[in-house]
Structures are given as structure tokens and as C-alpha cells.
Amino acid sequence: MSLKESGKRDGFTSKFGIIAAAAGSAIGLGNIWRFPYVVGENGGGAFLLVYLGFVLLLGIPVMLSEFVIGRKAKRNTFGAFKEIAPGTLWPIIGVMGIVAAFVILAFYSTIAGWTLHYLYISVINGFQGRDTAELTLMFEKFQISTFLPVFWQMIFIILTAVIILSGVKKGIEKYSKILMPFLLLLLVALSVRSVTLPGSFEGLVFLFKPDFTKLDSTVILGALGQAFFSLSIGMGALITYSSYFPSRTNLSNTAFEVSIADVVIAILAGIAIFPAMFSLGMQPEQGGAGLIFMVLPNVFLQIPGGYFISIAFFILLSIAALTSSISIMEVVVAFLVEEFNILRRYATLITAFAAAFVGVFCTLSWGAFENVTIGGRNIFDMLDFTASNVLLPVGGLLIVIFVGWYMSHADVKDEMSNQGALKLQVFGVFRFLIKFIAPVAIAIIFLNAIGILN
Ligand code: PHE
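Residues numbered from 1 in each chain as written. Predicted model: local features only at pLDDT ≥ 70, side-chain atom pairs only at ≥ 80, totals over all residues. Heavy atoms only, no water.

A. Region of the structure containing the site of the ligand. Of all residues adjacent to the ligand, which total 16 residues, the nearest are Ala26, Gly30, Tyr108, Phe229 and Ser232. Glycine 30 places a main-chain nitrogen or oxygen 2.9 Å from an oxygen atom of the ligand. Taking asparagine 31, its side chain carries an N or O atom lying 3.4 Å from an oxygen atom of the ligand. Starting from 320 Å² of accessible surface for the ligand in isolation, the protein chains cover 100%. If you list the elements that add at least two residues to the shell around the ligand, you get α1 (15-26), α2 (29-41), α5 (92-123), α10 (217-231) and α14 (306-340). Classifying every residue of the shell around the ligand by side-chain character gives eight nonpolar, eight polar and no charged. (Near = heavy atom within 4 Å. Polar contact = N/O pair within 3.5 Å; in protein donor to acceptor, adjacent residues only side chain to side chain. Areas by Shrake-Rupley, 256 points an atom, 1.4 Å probe, with all protein chains shown as cover. Helix = DSSP H or I, 4+ residues; strand = E, 2+ residues; numbered from the N terminus. Nonpolar A, V, L, I, M, F, W, Y, C, P; charged D, E, K, R; others polar.)

Here it is in C-alpha cells:
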């Protein structure tokens, strides 16, 4: 019987364990798979700049707000709002978060499945001897097929469920702690190779030189969605995680450090991708969701020891995806366990089955269900758009309003300062951001994107 089943709440232990777990949630496919392709689709440098601004002014305050809620209530994301605001409608934020968790789990496992397949291809040396056109074709054939992508997706969901079943502390902390630093090193190596390829400079220009004519309301909403998705905020993943934090954790520092680590990894992924892309003569907006799977094998083929590097890369990317997907699945599992008294193992099974069911439709978005589209978006894009650009920002908006306007000033201050043990240097700035800047900014971005303000 696990700790959870005996009624006592499980928790994280060391300081590094906490940062590693929260960073493990944040750093994942969002940085390495999603960031490069949305930057590509949204015109490069200007998008990057807006995204960075959003991380700083909106992302970090939302993350810190989630930490305050989670650690104060020590409950799952629905229960946390019930605990702090009993008899109100605020727990609806929790319900939205649980819906978002399902949707994200469904399409996240598609891409994680692709990653596992590419790990397999690396192991059998399947990139060897192929040129850029052949590598692209190889990916496209895989993407539209039925059996293999679904098979790998199921493997990924099973792996996620197995880690969830082994409990919070033992499971999550152990896996995320050791491996993330290696991922960073590998990205540095890939970036160095990418920028030394012939004709790669244009890629750096694309990524870093802002062209503000590229900005419109859709691009700005996209940058907001990317910031929220990548930081794991807006759906209570970090409310759930911080409910396991001990009382001595410095919440502000943790939010800051995790966000910086997340941004650094995303930018490194951009440096690994765009220069290589330009060097290969590909267009930045061309790759779509398959971007990294088409570009990176070309880089592996041009790097000494590329065979081993590609294996290591896809292993680490799979693990980064796992440390994120467990934080998504944990939102639903903790909810079922604490609100419905379901045993942890059954809660995990139910969640995994439901995610697998929806997930199959996402995975077949380019194949069997390619004709199922709404407004030009296939099932995958629709779910990704709904979760990242709608549910997470709306969730984030409500979360900052909750902490900024509903919770008492004193409660928030007590939680952030560990009941007065820490000196808070930026409390005023934080308060101002969550009370005024973040809600107004998110609301304007939305109204603009729907077309109400222009
Ligand atoms: N931030 C994760 C990533 O970048 C994905 C995620 C989104 C995790 C939302 C939890 C909540 O891969």
C-alpha cells in the first residue's frame, strides 16, 4: 500500500528535488518540439521577443500564484479552490484544469510517441545514407501511418502511468533529478553543430532579429499560448505539484529559476533547429508539427558520433516528455484520489485509458482522420489550439484574479514568505502584476484575437 492509499500525503524531499520536479514538468516537448515550430510558423524574432516578455510579466506571476494556492491548500487543483474558497464557484478553475489536462495528455502522447519511434530509428541506424528529401519523406510516411504511431503512443502512456503508480516522491523526483542536466549539454552540442553548418547564419537572423511587421493578434495569442504551455501553467499542474512542496521551499525563487531554465532550453532548441534548417534550404514555416523530426536527423548525420548522439538525444527527449506528462496525469489522478476516494492505482488506470482513447484520434489526425477538420485545423491542431491558446490562458487569468483579488493580502504574503521566515523583496511588484497587469493583458490579448478590439 502506498503512502497515498494509507491516507497520508506524499511529498517531495530535497530542494533540488523540488526544482527538478517543477522544471521537469516545465521542460519537455513544449520547449524542444513545440517552441521551434511555432516560432517558425509565426515569423521568428518578433514572436520570440513577445514570448519572452510574456514569460517575464505574465508567466512567472501565474506560476508563483499556482505555487501559493497549491502549497497553502495542500490539495489537488479542484480541492485546492474548494479549500481556500469554500461554497464559491472558484473550483470551476479546477474543473477547467482537469479538462485541459486530458486534452493535453491526448496530443502530448502523440508527439512523445513519435519521439520513441525516432529513438528506435536511431538505434537501428535508420537515418544513415539518407538525404534531406528522403528523411523528410520517411517522417511523412510514418506520420500518416496507423499502427506504428499509435503503438508508440500507447507505450508512452503506459510508461507515464507506471511512473505515476510508483508514487510522487520516489517516482517523479528520482527520474527528473539526474537527467535534465544531460539534456542541456546535448542541446549545446547540437546548437554548436547547427551554427557551424554552411549557410546557417540566416537561421540565427530569423530567430533573433525581430521583424515587427510579422506581429498580429494571432501571433501574439500564439506567443501567450506557447509561454503558458511551456511553463506548465494555467491548468493546475503546478498547483498539484506545489501541494507536495514542504513549508520551507522558497516559492518565488523556485518560480524564477524554473522559468529561466525553461526559456534557456527553448532558445537552445531554437538555435539547434533554425540555423540547420536554413543550411538545408528548408523554409521556417514548412515543418509544422514534424519540424524537429525532419531537421534534426540531418544534423545527427553531420556530427562526429552522430549515431550515439541521436540515441542519447531521443532518450533524453523521451524522458523530458515523461517528466512533463506525469505532471499532467498527476492533475487528474490526484483529483480522482482526493475528491472521489478512488485508489491511486485505479485512478491512474482510468486516466490512462481515457487519455489513450482521445489520444488515438489525435495521432491519426494526419492519416485515417485527415479529413476531419474545422476551419483548416485537424483534430491534433484543434486540441492543441484549444488547450494552449484558450484553456491555459483563461485558467491563468482566473488564477491571478483569485490570488490577486479573492485571497487576502496577508494569506498570500504569509505563504510566499514561509510565514514570515523569508524577506520578500518583490512582493509589491508581484502584487501589482497579478492584480492589474496580468489580468488586463490576458483579457486584451483574447479580445483582440477574437476580433472584438479591432
Ligand atoms: N510544459 C510542458 C512542456 O513544455 C507541457 C505541460 C503543459 C505540462 C501543461 C504540464 C502542463 O512540455
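There is more to say after this.
B. Region of the structure containing the packing of aromatic side chains. The tally for this structure, following the rule as stated, stands at 38 aromatic pairs. Taking the centre distance of 6.5 Å and the plane angle of 10 degrees together, the rings of phenylalanine 293 and phenylalanine 314 count as stacked. Residue phenylalanine 293 is found in helix α13 (residues 291-300), and its partner phenylalanine 314 is found in helix α14; the two are separated by 21 residues along the sequence. Owing to a relative accessible area of 0%, phenylalanine 314 belongs among the buried residues under this scheme. Aromatic side chains tryptophan 366 and phenylalanine 380 sit 4.9 Å apart centroid to centroid with 45 degrees between the ring planes, which places their arrangement in the tilted category. Of the two residues, tryptophan 366 is situated in the loop between α15 (344-363) and β1 (373-374) and phenylalanine 380 in helix α16 (residues 379-406); the sequence distance between them amounts to 14 residues. For tryptophan 366, a relative accessible area of 17% translates into the label buried. In this arrangement the basic side chain of arginine 34 is found over the ring face of phenylalanine 229, its NZ or CZ atom lying 5.1 Å from the centre. (Phe/Tyr/Trp six-rings, centres within 6.5 Å; stacked < 30°, edge-to-face > 60°. Buried < 20%, exposed > 50% of the residue type's maximum accessible area, 1.4 Å probe, protein only. Lys NZ or Arg CZ within 6 Å of the ring centre and 35° of its normal.)

C. Spatial organisation of a nonpolar patch on the surface. On the surface, Leu56, Leu57, Leu184, Val188, Val192, Phe256, Ile260, Val264, Trp405, Phe432, Phe436 and Ile437 cluster together into a nonpolar patch covering about 1,000 Å² of accessible area. Where the nonpolar patch is concerned, the elements lending two or more residues are α3 (45-73), α8 (168-195), α12 (251-279) and α18 (427-450). (Patch = residues over 30% accessible without salt bridge, like charges linked within 9 Å, V, L, I, M, F, W, Y side chains within 5 Å. Salt bridge = Lys/Arg side-chain N within 4 Å of Asp/Glu carboxyl O.)

D. Broad picture of the packing of helix α4 (residues 77-84) against α14. Two elements in contact, α4 and α14, have axes whose closest approach is 7 Å; the angle formed by their N-to-C orientations is 55 degrees. Between α4 and α14, the crossing angle belongs to the class labelled oblique. Between α4, through Thr77, Phe78, Gly79 and Lys82, and α14, the contact on the second element is made entirely by Val331, Phe335 and Glu339. Of the residues that constitute the contact of α4 with α14, the class distribution is three nonpolar, two polar and two charged. (Axes fitted to C-alpha atoms, helices over the stretch in contact; angles between N-to-C directions. Parallel < 35°, antiparallel > 145°, perpendicular 65-115°, else oblique. Contact = heavy atoms within 4.5 Å.)

Limitation: the analysis is restricted to geometry and does not speak to function.
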